[in-house]
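Breakdown of the fold
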Amino acid sequence: MRHSPALSRLAALGVALAVACGVPATADAATWSVPRSASAVDASASSAQLEEALMVRINEARAQNGLAKIRTFDVCTDRLAEKWGARIARTGVLEHRDQREVIRRCDNSWAGETLVRGTALSPETMVELWLDSPGHREILLSPRAKRAGVAITRDSQGRTIGVVNLVRHG
């Protein structure tokens, strides 16, 4: 999300999750609102449109399961998601970052990550796939999640790579 309220990123399913808890440190606490609704998008939509639609779908799933919606994006967490997505695109290695880094660098008390990689998958399909995976489901439906950082990028093979970091600040 390159530090703009208009941007929020993700993509298609590929790998699992990482969850960590730890001691928070100082970080940039700037936030902006997650959209309440998003129009239908397809694979040709901009990363910003895909990200917004994805967060709306994640929030719909949370609401259907009796959980509070994630209301804010966090600049620091989003910046880390962007960097991780770019790293995956550059190296081709779809692996999770140690979530203690997200906790420490962004003053969080909890962090969970879901990763995806694929082609032509809608935000709806991504959320469905994650909810069908116990580890992904645990992250998306965690009552601890209060803020998000999301990134969508493409690799040299044209695949979409998505990173969703859900966090609890402080």
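Look above for the structure.
Cut-offs used in this document
- Residues numbered from 1 in each chain as written.
- Predicted model: local features only at pLDDT ≥ 70, side-chain atom pairs only at ≥ 80, totals over all residues.
- Heavy atoms only, no water.
- Disulfide = S-S within 2.5 Å.
- Helix = DSSP H or I, 4+ residues; strand = E, 2+ residues; numbered from the N terminus.
- Buried < 20%, exposed > 50% of the residue type's maximum accessible area, 1.4 Å probe, protein only.
- Arc of directions from axis to C-beta.
- Contact = heavy atoms within 4.5 Å.
- Core = buried A, V, L, I, M, F, W, Y, C linked by side-chain atoms within 4.5 Å.
- Salt bridge = Lys/Arg side-chain N within 4 Å of Asp/Glu carboxyl O.
- Pairing = 2+ DSSP bridges.

Our focus in this paragraph is the state of the cysteines. Put plainly, two cysteines are in a disulfide when a covalent bond ties their sulfur atoms together. All chains considered together, the criterion is met by one disulfide. Between the sulfur atoms of Cys-76 and its disulfide partner Cys-106 the distance amounts to 2.1 Å. Residues Cys-76 and Cys-106 are joined through a disulfide that is left-handed, its torsion about the S-S bond being -75°. A residue pair is termed long-range when its members are at least 10 positions apart, and Cys-76 in helix H2 (residues 75–91) and Cys-106 in the loop between helix H3 (99–105) and strand E4 (108–118) qualify at 30 residues. In this structure, Cys-76 and Cys-106 share a single accessibility class: buried.

Before going further, it helps to spend a moment on helix H4 (residues 123–131). The α-helix advances 3.6 residues per turn, and as a result positions three or four apart in sequence lie on the same side. Among all positions in H4, only Pro-123, Met-126, Val-127, Trp-130 and Leu-131 are buried. End-on, the buried residues of H4 take up no more than an arc of 130°, which puts them together on one face. Looking at the buried positions of H4, the neighbouring elements they touch are helix H1 (47–64), E4, helix H5 (134–140) and strand E6 (160–169).

Topologically, Gly-118 is positioned in strand E4. A relative accessible area of 14% places Gly-118 in the buried class. Measuring from C-alpha to C-alpha, the distance between Gly-118 and Arg-159 comes to 5.1 Å, with 41 residues separating the pair along the chain.

Within the secondary structure layout, Thr-77 lies in helix H2. In contact with Thr-77, other than residues within four places in its own chain, are Val-102, Cys-106, Asn-108, Ala-148, Gly-149, Asn-165 and Val-167.

Bringing the nonpolar core into the picture now. Core analysis: the largest hydrophobic core is formed by 24 residues, its most contacted members being Leu-54, Met-55, Ile-58 and Leu-166. With nine residues, the next largest nonpolar core counts Ala-81, Trp-84, Leu-115 and Ile-161 among its residues.

Let's shift gears to the pattern of salt bridges. According to the stated counting rule, one finds eight salt bridges in the structure shown. Here Arg-159 ties to Asp-155 by a salt bridge, and the two come within 2.7 Å at their closest N and O atoms. Since its relative accessible area comes to 23%, Arg-159 is described here as partly exposed. With a relative accessible area of 10%, Asp-155 lands in the buried category. Put simply, Arg-57, Glu-60 and Glu-124 are held in one network by salt bridges that share partners.

A few words now on the pairing of strand E5 (residues 147–154). Within E5, six of the eight residues are buried, which leaves it mostly tucked inside the rest of the structure. Pairing geometry for strand E3 (residues 72–74) and E5, over two bridges, is parallel. Note on E5: the bridge partner recorded for Thr-72 is Arg-147. Relative to E6, E5 runs antiparallel, the two sharing eight bridges. When the bridges of E6 are listed, Arg-154 appears paired with Thr-160.

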